[in-house]
Amino acid sequence: MTRHRSAALVGNPNAGKSALFNALTGARQKIANYPGVTVERKSGRLVLPDGQPIELTDLPGSYGLHATSPDEEVTAKVILGKHEGEASPDVLVIVLDASNLEQHLVFAQEVIALGKPTVVALNMIDLAERDGLVIDPRALEQALRVPVIPTVAVRRRGLAELSAAIEAAPERAPEPQHAHITQTERRVTAHAIADAAIVSETATHALHARLDRVLLNPWFGPAIFLALMFVVFQAVFAWADPFVGALEDTAAAMGNAVQAALPESLLRDFLVDGVINGVGSVVVFLPQIIILFFFILVMEASGYMARAAFIMDRLMAFVGLSGRSFIPLLSSFACAIPGIMATRSITDPKDRLTTILIAPLMTCSARLPVYAVIIAAFIPNRTVGPGIGLQGLVLFALFLAGIVGAMVVALILRRSVTKGKASGFIMEMPKYQLPRIKDLAIGLMQRAWIFLRRAGTIIFTITVVLWMLLSFPRAGEGQSQLEVSIAGRIASGLEVVVRPIGFNHEMALAIIPAMAAREVAVSALATTYAVGATDEDAQAMELGDRLKSRWTLPMALAFLAWFVFAPQCLSTIAVARRETNGWKWPVFMLAYLFAMAYVAAGVTYWTAVWAGL
Ligand SMILES: Nc1nc2c(ncn2[C@@H]2O[C@H](COP(=O)(O)OP(=O)(O)OP(=O)(O)O)[C@@H](O)[C@H]2O)c(=O)[nH]1
Ligand SMILES: [Mg+2]
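We now turn to the structure provided with this report.

Calculation criteria
- Residues numbered from 1 in each chain as written.
- Chains lettered and ligands numbered in written order.
- Predicted model: local features only at pLDDT ≥ 70, side-chain atom pairs only at ≥ 80, totals over all residues.
- Heavy atoms only, no water.
- Salt bridge = Lys/Arg side-chain N within 4 Å of Asp/Glu carboxyl O.
- Helix = DSSP H or I, 4+ residues; strand = E, 2+ residues; numbered from the N terminus.
- Buried < 20%, exposed > 50% of the residue type's maximum accessible area, 1.4 Å probe, protein only.
- Arc of directions from axis to C-beta.
- Contact = heavy atoms within 4.5 Å.
- Pairing = 2+ DSSP bridges.
- Right-handed = clockwise from strand over helix to strand, strands pointing away.
- Patch = residues over 30% accessible without salt bridge, like charges linked within 9 Å, V, L, I, M, F, W, Y side chains within 5 Å.
- Areas by Shrake-Rupley, 256 points an atom, 1.4 Å probe, with all protein chains shown as cover.
- Near = heavy atom within 4 Å.
- Polar contact = N/O pair within 3.5 Å; in protein donor to acceptor, adjacent residues only side chain to side chain.
- Nonpolar A, V, L, I, M, F, W, Y, C, P; charged D, E, K, R; others polar.
- Core = buried A, V, L, I, M, F, W, Y, C linked by side-chain atoms within 4.5 Å.
- Axes fitted to C-alpha atoms, helices over the stretch in contact; angles between N-to-C directions.

1. Here we look at the pattern of salt bridges
Any two side chains of opposite charge can pair, so long as their charged atoms come close to each other.
So, step 1. Taken as a whole and assessed by the stated rule, the structure comprises 13 salt bridges.
So, step 2. Here Glu 40 makes a salt bridge to Arg 344, at a shortest N to O gap of 3.7 Å. Here Glu 40, found in the loop between helix 1 (17-25) and strand 2 (42-47), pairs with Arg 344, found in the loop between helix 15 (336-342) and helix 16 (349-358); they are 304 residues apart in sequence, far enough to count as distant.
So, step 3. Among the residues examined, Arg 344 registers a relative accessible area of 11% and is labelled buried.
So, step 4. Salt-bridge contacts for Glu 519 lead to Arg 454; the nearest nitrogen and oxygen are separated by 2.7 Å. Of this pair, Glu 519 sits in the loop between helix 22 (505-511) and helix 23 (520-532) while Arg 454 sits in helix 19 (residues 437-471), placing them 65 residues apart in sequence.
So, step 5. In this structure Glu 519 comes out as buried when scored by relative accessible area, which is 2%.

Structure, rendered in structure tokens:
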């Protein structure tokens, strides 16, 4: 028997490939309860029972070897060994959703017919049991003529057996006639195989079917979705408040301690103004980030997200997109980068391009600190109805403004530069599941870590550079440090451009470094005002109080409007370049977003001034 060196997980989307991959290799790949989560292949190390390590690859879900979307293409290339400089995997591990057997057997047959050493992981056995399905793995094995191992990836059941089967997978010969079998024939066979393997079936879907009838109802569905979103943003403010307050106090106490401990020096200024005031002003928003992701992760794991995509389909079709765009757009609420990558599961190239172009309009989580600091400073913390906080309402409105903006842009693009017909919606509805606490905890820790790592690296670096540009050259007697500094002079140049939309010197200064990472807008303002503060008293002030004393309400609103539309970070532009293979579309994206941001900020400012706010 030849030794195997590599194996790959293949199967339909949402079969649990990544969950199995994580369980087998100890990786932390993203899993979520909707199709199209994995869009890139990812390898890890699996140690077989004989102690031999092999390379295991997690692949994007696919419906067939004749790929129709960029992510499916990756899968087909890897399986067929057409990936540059790479041999095809020695063993193919087909992952089947046991609760959705018939459907998953179609692609499985195509893979088995290749004749490579193959093992089937009959995954989600627990869900099948829950739904009253009893499956006979031996019958399945006989029909498919490859080993079948029942597994429950998320409970680590069947892993040892699966590893042993991978190790022992025998060589096979390709089935000679496989090229002549049509997809329809495979469907007929799949039906027969499933029929033979399913020992008994009792209908216990009643509750879920009833849930779907409500959640997918054309009237209730959208209403429930909107209500849910509304609750999320209320919670982001209401629940986080005490935690953010405590963190702010800690940061202030640290600043005071350093201030008291060190003699007056450039080093002290650097630590207090640059590090604690600057980076600290961003880190305090960690609780809000965690609350936002708590809701997103619960909706993802439960299977609700796919329902939300379904009910948004009509709206998407109206603006010329397919429901497939929904998941990428939704991912963009975390960050536009994974969002843009997720568009690889969109089949139609123009559909995909449009989705890439509007993804930056979804409010990424990096914008949350910017919104939060300004809302906390300028929007009174009071209720406007039973349980409806005004601050949460404004936050909701800002997210909504981004979404509405995106839909308007999509509508225009689909009638001009990316002209084309909307393609229909073909996403499968995943099974409802109760989110597992452990998965949730891991997901939240990952998000918290990403946020803190950003604060410690990119945000820290830019804030330090900005502090230096603000601190040199040193101002002489009677001069203002802000005016004299390099950064101050650059900002004065830009101020000419942004004055018509109500921005002052410090706002002009903040929007440039924010191109590197949105949160930097907050640390930049904090550092700028700290450096600019003349007396010791003012130095201890919190950012919100400083903003309140320097900005008018129309200015604050204009700044918010700017951040709803302004182009996201440079990394987003870079990813857009990679995914569209050129500079044309990223430049277009940059231009239209700047134009929109400028107009939106201006209109907001002058409307607010006119309204006497
Ligand atoms: N109950 C149960 N849930 C599972 C099992 N395996 C995976 N899941 C869940 O099913 C969902 C999909 O799992 P993923 O691992 O993301 O599926 P995938 O095949 O990688 O999907 P794509 O990347 O979209 O192709 C997640 O919510 C998992 O938590 C299982 O054996 N039992
Ligand atoms: Mg996956």
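2. Regarding helix 27 (residues 570-580)
So, step 1. Along helix 27, the residues that are buried comprise Thr 572, Ile 573, Val 575, Ala 576, Glu 579 and Thr 580. Taken down its axis, helix 27 places every buried residue within 165 degrees of arc, on the same side.
So, step 2. In this fold, the buried residues of helix 27 make contact with helix 15, helix 16 and helix 28 (584-610).
So, step 3. Following helix 27 by one or two positions, Asn 581 adopts a phi angle in the positive range, close to 55 degrees.

3. As for the pairing of strand 4 (residues 91-97)
So, step 1. Here strand 4 lies mainly inside the structure; 7 of its 7 residues are buried.
So, step 2. On strand 4, burial covers both faces: Val 91, Val 93, Val 95 and Asp 97 on one face and Leu 92, Ile 94 and Leu 96 on the other are all buried.
So, step 3. Two elements, strand 4 and strand 5 (residues 118-123), share 6 bridges in a ladder whose sense is parallel. The residue bridging Val 93 from the neighbouring strand is Val 119, located in strand 5.
So, step 4. Note on the crossover from strand 4 through helix 3 (residues 101-112) to strand 5: the handedness is right-handed.

4. Brief notes about a nonpolar patch on the surface
So, step 1. There is a patch of nonpolar side chains on the surface, built from Leu 226, Leu 400, Val 404, Val 408 and Ile 412 and spanning about 420 Å² of accessible area.
So, step 2. Here the nonpolar patch gets 4 residues from one element, more than from any other, and that element is helix 18 (residues 390-413).
So, step 3. The exposed category is assigned to Ile 412, whose relative accessible area is 52%.

5. Some points on the site of ligand 1
So, step 1. Surveying the vicinity of ligand 1 reveals 25 residues, the closest of which are Lys 17, Ala 19, Gly 36, Thr 38 and Asp 126.
So, step 2. A distance of 2.8 Å separates an oxygen atom of ligand 1 from a polar atom in the side chain of Ser 18.
So, step 3. Look at ligand 1: alone it shows 660 Å² of surface, and the protein chains cover 99% of it.
So, step 4. When residues of the shell around ligand 1 are traced back to their parent elements, those giving at least two are helix 1 and helix 4 (125-130).
So, step 5. It is helix 1 that contributes the most residues to the shell around ligand 1, 3 residues altogether.
So, step 6. Partitioned by chemical class, the residues of the shell around ligand 1 number 13 nonpolar, 9 polar and 3 charged.

6. Considerations on the nonpolar core
So, step 1. Membership of the largest hydrophobic core comes to 131 residues, with the highest contact counts inside it found for Phe 503, Trp 551 and Phe 559.
So, step 2. With 11 residues, the single largest contributor to this core is helix 18.
So, step 3. Core analysis: the next-biggest nonpolar cluster, separate from the first, contains 36 residues, Ala 8, Val 10, Leu 92 and Leu 101 among them.

7. Structural notes on the sheet that holds strand 2
So, step 1. Taken in spatial order, the 6 strands of this open sheet run 2-3-1-4-5-7, and their pairing is mixed. Bordering the open sheet on either side are strand 2 and strand 7 (148-150), each of which pairs with just one other strand. The sheet shows a mean angle of 25 degrees between the axes of neighbouring strands, taken without regard to direction.
So, step 2. Pairing of strand 2 with strand 3 (residues 53-58) involves 6 bridges; the strand directions are antiparallel. Looking at strand 3, one finds that Gly 44 is bridged to Leu 56.
So, step 3. Along the sheet, helix 6 (residues 159-168) contacts strand 1 (6-10), strand 2, strand 3, strand 4, strand 5 and strand 7; its crossing angle with strand 5, the most-contacted strand, is approximately 165 degrees.

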